[in-house]
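As a plain string of letters, each chain reads:
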Amino acid sequence: GGSTRMPNVQRAVGELFGTQPLNNLNPDQVVALGAAMQADLLAGNQSKDDEWLLLDVIPLSLGIETMGGLVERIVPRNQTIPTAMAQDFTTYQDGQTALALHVVQGERDLVADCRSLARFELRGIPPMAAGAARIRVTFTVDADGLLSVAAVEQHSGVQAHIAVKPSYGLSDDQIATMLQDSFKTAEQDIKARALVEARVDADRMWLATQSALQADGDLLTQEERSQIESLMLATLEAKKLEDAAAVEAATEALAKGTEAFAAQRMNRGIQHALSGQHIETI
């Protein structure tokens, strides 16, 4: 635009990029000139010397919902298309055989503040301990902007997929509004995400401890068990607070308070594994 005529703007741009910017075009006409050149190419008038291409980009980030209603972005905004990007996820609970996938669009950290695109389920996951499954979620966006989302469990090969048009029903003004909202609420979103993540970690630690007590609680004295149960209760109480640091501190205290118990469980597991084995076989 017109501000590119200003010497200070030109100097700042030159310092930023390490080279002097071109200023031999009228800044009031440069966008129209570029559009005319692209229109000429689309009309089939490309010559041998015209080896440039206008690339389309994804206007808003694409991702899926994770525990606690958080958004895990897989394809960032402004990524050129076509593109394919993947990320690995896992199960949250022991014996989990299905995973619900919620595909969302937007720049906010909470699902409630983003646009819902699609939902589908991955079924047939072999029952395993929480965190043992490896589920690869792949986002593929073709040249027409059609999004395909596939989820595959790596051990068993079970898979599911869905296709959706992310830009359907969104105007340029709505996209701009969503971006502006993400800038305005960035600090608020960071705090909200930190609190949710702390609560999810607290839940995960509490569930793991509860499962361990049910499986090997006989390893503990009554006093030791009472101490662990008190830490578990403190973790649940901390979850009610709106303070991520307090939740993290309670979770860390529970983790530290169960270290000796975890060592006892490991020793028992090793004893079971070695029972009946000959030293030469091992």
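Residues numbered from 1 in each chain as written. Predicted model: local features only at pLDDT ≥ 70, side-chain atom pairs only at ≥ 80, totals over all residues. Heavy atoms only, no water.

**Q** Please explain the environment of Leu122 as it appears in this structure.
**A** Assignment of secondary structure puts Leu122 in strand β5 (residues 115–123). Sequence spacing of Leu122 and Ala100 is 22 residues, and the spatial spacing of their C-alpha atoms is 6.4 Å. (Helix = DSSP H or I, 4+ residues; strand = E, 2+ residues; numbered from the N terminus.)

**Q** What am I meant to see in the sheet that holds strand β7 (residues 147–153) here?
**A** Strands belonging to one sheet form pairs held by backbone hydrogen bonds; the direction of such a pair is parallel or antiparallel. Read across the open sheet, the 4 strands follow the order β3-β6-β7-β8; overall the sheet is antiparallel. Unpaired on one side and paired on the other, β3 (83–89) and β8 (159–164) mark the two borders of the sheet. Averaged over all adjacent pairs, the angle separating strand axes in this sheet is 15°, with direction ignored. Here 7 bridges tie β3 to strand β6 (residues 135–141), and the two strands are oriented antiparallel to one another. Bridge assignment links Gln87 to a residue of β6, and that residue is Val137. (Pairing = 2+ DSSP bridges. Axes fitted to C-alpha atoms, helices over the stretch in contact; angles between N-to-C directions.)

**Q** Looking at this structure, how should I read the nonpolar core?
**A** Nonpolar side chains tend toward joint burial in soluble globular proteins. In this structure, Leu62, Leu101, Leu122, Val137, Phe139 and Leu147 are the most contacted members of the largest nonpolar core, which totals 24 residues. Elements with a contribution of two residues or more to this core: β1 (62–66), β2 (70–75), β4 (98–105), β5, β6, β7 and β8. When residues in this core are grouped by element, the largest group, 4 residues, is from β6. Setting aside anything within four residues of it in sequence, one finds Leu101 in contact with Ile64, Ala118, Arg119, Phe120, Glu121, Leu122, Val137 and Ala151. (Core = buried A, V, L, I, M, F, W, Y, C linked by side-chain atoms within 4.5 Å. Buried < 20%, exposed > 50% of the residue type's maximum accessible area, 1.4 Å probe, protein only. Contact = heavy atoms within 4.5 Å.)

**Q** Just to check I follow, could you spell out the layout of surface pockets for this structure?
**A** A probe as big as a water molecule, rolled over the atoms, marks out the empty space that is left. The volume enclosed by the largest pocket comes to roughly 530 Å³. Lining the largest pocket we find 21 residues, and of these Glu65, Thr66, Met67, Phe89 and Thr90 sit closest to its centre. If you list the elements that add at least two residues to the lining of the largest pocket, you get β1, β2, β4 and α4 (186–216). Per-element accounting of the lining of the largest pocket gives the leading share, 5 residues, to α4. In terms of residue class, the lining of the largest pocket is made up of 9 nonpolar, 6 polar and 6 charged. Approximately 340 Å³ is the volume found for the second largest pocket. Lining the second largest pocket are 16 residues; nearest its centre among them are Arg204, Leu207, Ala208, Thr209 and Ser211. Counting residues per element, the ones that place at least two in the lining of the second largest pocket are α4 and α7 (259–274). A total of 7 residues in the lining of the second largest pocket trace back to one element, the largest contributor, which is α4. Grouping the constituent residues of the lining of the second largest pocket by class yields 9 nonpolar, 4 polar and 3 charged. (1 Å grid on protein atoms, 1.4 Å probe; cavity = no way out; pocket = protein on both sides within 12 Å on 5 of 7 lines; lining within 4 Å. Points joined across faces, edges and corners; volume = space filled by probe spheres on them. Nonpolar A, V, L, I, M, F, W, Y, C, P; charged D, E, K, R; others polar.)

**Q** Would you mind going over the pairing of β7 with me for this structure?
**A** Consecutive side chains of a regular strand alternate in pointing toward one face of the sheet and then the other. Going residue by residue along β7, you find Leu147, Val149, Ala151 and Glu153 tucked away on one face and Ser148, Ala150 and Val152 left uncovered on the opposite face. Sheet topology note: the β6/β7 ladder contains 7 bridges and is antiparallel. For Val137, the partnering residue across the bridge sits in β7 and is Ala151. Two successive antiparallel strands, β6 and β7, enclose a turn made up of 5 residues, where Gly145 displays a positive phi of approximately 85°. Summarising the sheet, β7 and β8 pair through 6 bridges and their orientation is antiparallel. By the bridge assignment for β8, Ala150 is matched with His161. Counting the residues that bridge the hairpin from β7 to β8 gives 5 residues, and of these Gly157 lies at a positive phi of roughly 85°.

**Q** How do you make sense of the sheet that holds β4 when you look at a structure like this?
**A** With antiparallel pairing, 4 strands are arranged side by side in an open sheet as β2-β1-β4-β5. Of all the strands in the sheet, just β2 and β5 have a single pairing partner and so form its edges. Strand-to-strand twist in this sheet, taken as the mean axis angle between neighbours without regard to direction, amounts to 30°.

**Q** Whenever I open this one, the pattern of salt bridges confuses me. Can you help?
**A** In a structure, side chains of opposite charge can pair up when their charged atoms sit close to one another. A complete count under the given rule lists 19 salt bridges for this structure. The salt bridge partner of Asp109 is Arg73, with a shortest N-O separation of 3.7 Å. Of this pair, Asp109 sits in the loop between β4 and β5 while Arg73 sits in strand β2, placing them 36 residues apart in sequence. Given a relative accessible area of 12%, Asp109 falls into the buried group. Between Asp88 and Arg136 there is a salt bridge; the shortest N-O distance is 2.8 Å. You can see Asp88 sitting in strand β3 and its partner Arg136 sitting in strand β6, a full 48 residues away along the chain. Residue Arg136 is classed as partly exposed on the basis of its relative accessible area of 38%. Through salt bridges that share partners, Glu72, Arg73, Asp109, Arg193 and Glu197 make up one connected network. (Salt bridge = Lys/Arg side-chain N within 4 Å of Asp/Glu carboxyl O.)

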